[in-house]
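Listed below are the residues making up each chain.
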Amino acid sequence: MRNVLPGTLLLLSLLGLSAGAAGQEEPSFYNGFDVEGGLIAPNEIDHGGPGRDGIPSLDKPQFLSGAQRDSQIRPGDRVIGVSYNGVAKAYPIAVLDYHEIVNDTFGDTPLTVTFYPLSGTGMVFLAETGGQVLDFGVSGLIYNSDLLLYDRKTRSLWSQIMKTAVTGPLKGATLTQVPAQYTTWANWTSQHPQSLLLSRDTGHDRNYDQDPYAEHKRLPMVTYATLHSDWRLPAKTWVVGITAGDEAIALPFAELDTLESALRVNVGGQALDVHWDKAAQSARVFDVDGMEHPATAGYWFAWVAFH
């Protein structure tokens, strides 16, 4: 396991955590997970500082509507927006920074909303695989500078960007990504005026007005090493990542800003149209039949580390 940067202690303080915070597993080398015989080598796993569940997932999220909703967020605040089963919900990045995972349901379908501040990647998944319904927690471990979540049923570790269980009984199983938007609150509500908003009343004592990752966002360096680097773009360039089949592409926000109409791309033999909202710095991707295709916004260094 590689060394954790000194900034980890500052980050723990900002997140309201300590090495023995109540409700979390005491930090250990691998936080109690069995990492042998996985798809990744144990020495490729970094420790993020907290123990297992030291960063608490939101398992019973509360949502707001109407005036209560509008009093908790500003038009330009960034959210992960999800519309599924006829229900629209928005998850503020300011809250996700402190929790990283929300276990939720849309109608009768369980979804897991994930956001990892160090890689900038927000991804939403169907919370089931192979007929098993799963709920997820934050492992406190990192692979390739990205989130390793774990399912509480088998304690398998899952790579967010890989969408795959990399250790444990479910090793090799995959999650289905659901289309979601990394966008502004104003843009999201222009599409979904009645959208619910994740409440700041989470049951945890956090200052959601304070950004614990402000320095990480400001500085050009990467906090944790990756197994592959590519300097065609500065590491923290924002890109829209798209996968189809065995292929992946990355579209820099700055290049998308030059578009005057939808961009047709071919990924894995599939024709896809990228619609870019310059004001909201947000992309949506559709196939030729008009079905929305998942896309992932995030930092270039993280996307190219896996693709």
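Computed from a predicted model, the values in this text were never measured in an experiment. (Residues numbered from 1 in each chain as written. Predicted model: local features only at pLDDT ≥ 70, side-chain atom pairs only at ≥ 80, totals over all residues. Heavy atoms only, no water.)

## Structural notes on the side chain of N187
Basically, it comes down to this: Only DSSP runs of H or I reaching four residues or more are called helices, and only runs of E reaching two or more are called strands; each is numbered from the N terminus. Relative accessibility under 20% of the residue-type maximum defines a buried residue, over 50% an exposed one, and the middle range a partly exposed one, all with a 1.4 Å probe and only protein chains included. Working rule for contacts: check all heavy atoms of both residues, and any pair within 4.5 Å makes them a contact.
Position of N187 relative to the elements: it lies in helix α4 (residues 185–191). On the accessibility criterion, N187 (12% relative accessible area) is buried. Sequence-distant contacts of N187, defined by excluding residues within four places in its chain, comprise Q181, D277, A280 and S282.

## Examining the sheet that holds strand β18 (residues 247–252)
Here is the rule we go by: For two strands to be treated as a pair, DSSP must find no fewer than two bridges joining them. Every axis in this analysis is a line fitted to C-alpha atoms, fitted for helices over the stretch in contact. Angles between the N-to-C directions lie between 0 and 180 degrees.
Across the sheet, three strands lie side by side as β18-β17-β23; this open sheet has antiparallel pairing. The outermost strands of the open sheet, each flanked by one partner alone, are β18 and β23 (296–299). Neighbour-to-neighbour, the strand axes of the sheet open up by a mean angle of 35 degrees, direction not taken into account. Where strand β17 (residues 238–244) meets β23, four bridges bridge the pair, whose relative direction is antiparallel. Counted as the bridge partner of G241 is T296 from β23.

## Topic: the packing of aromatic side chains
Describing an aromatic ring pair means giving the distance of the ring centres and the angle of the ring planes. The condition is simple: Here a pair means two rings of Phe, Tyr or Trp (six-membered ring of Trp) with centres within 6.5 Å. Their orientation is stacked below 30 degrees between planes, edge-to-face above 60, and tilted elsewhere.
According to the stated counting rule, one finds eleven aromatic pairs in the structure shown. On the basis of an interplanar angle of 85 degrees and a centroid distance of 5.8 Å, the ring pair of F63 and Y91 is categorised as edge-to-face. Of this pair, F63 sits in strand β2 (residues 63–64) while Y91 sits in strand β4 (residues 87–92), placing them 28 residues apart in sequence. Ring plane angle 90 degrees and centroid distance 5.5 Å describe the contact between Y98 and Y208, whose orientation is recorded as edge-to-face. With Y98 in helix α3 (residues 93–99) and Y208 in the loop between β16 (196–198) and α5 (214–218), the pair connects residues that are 110 residues apart, well separated along the chain.

## Here's the deal with the pairing of strand β3 (residues 78–84)
Where β3 meets strand β15 (residues 181–184), four bridges bridge the pair, whose relative direction is antiparallel. Along β15, the bridge assignment pairs R78 with T184. In terms of strand pairing, β3 meets β4 through six bridges, oriented antiparallel. When the sheet's bridge partners are listed, Y84 is paired in β4 with V87.

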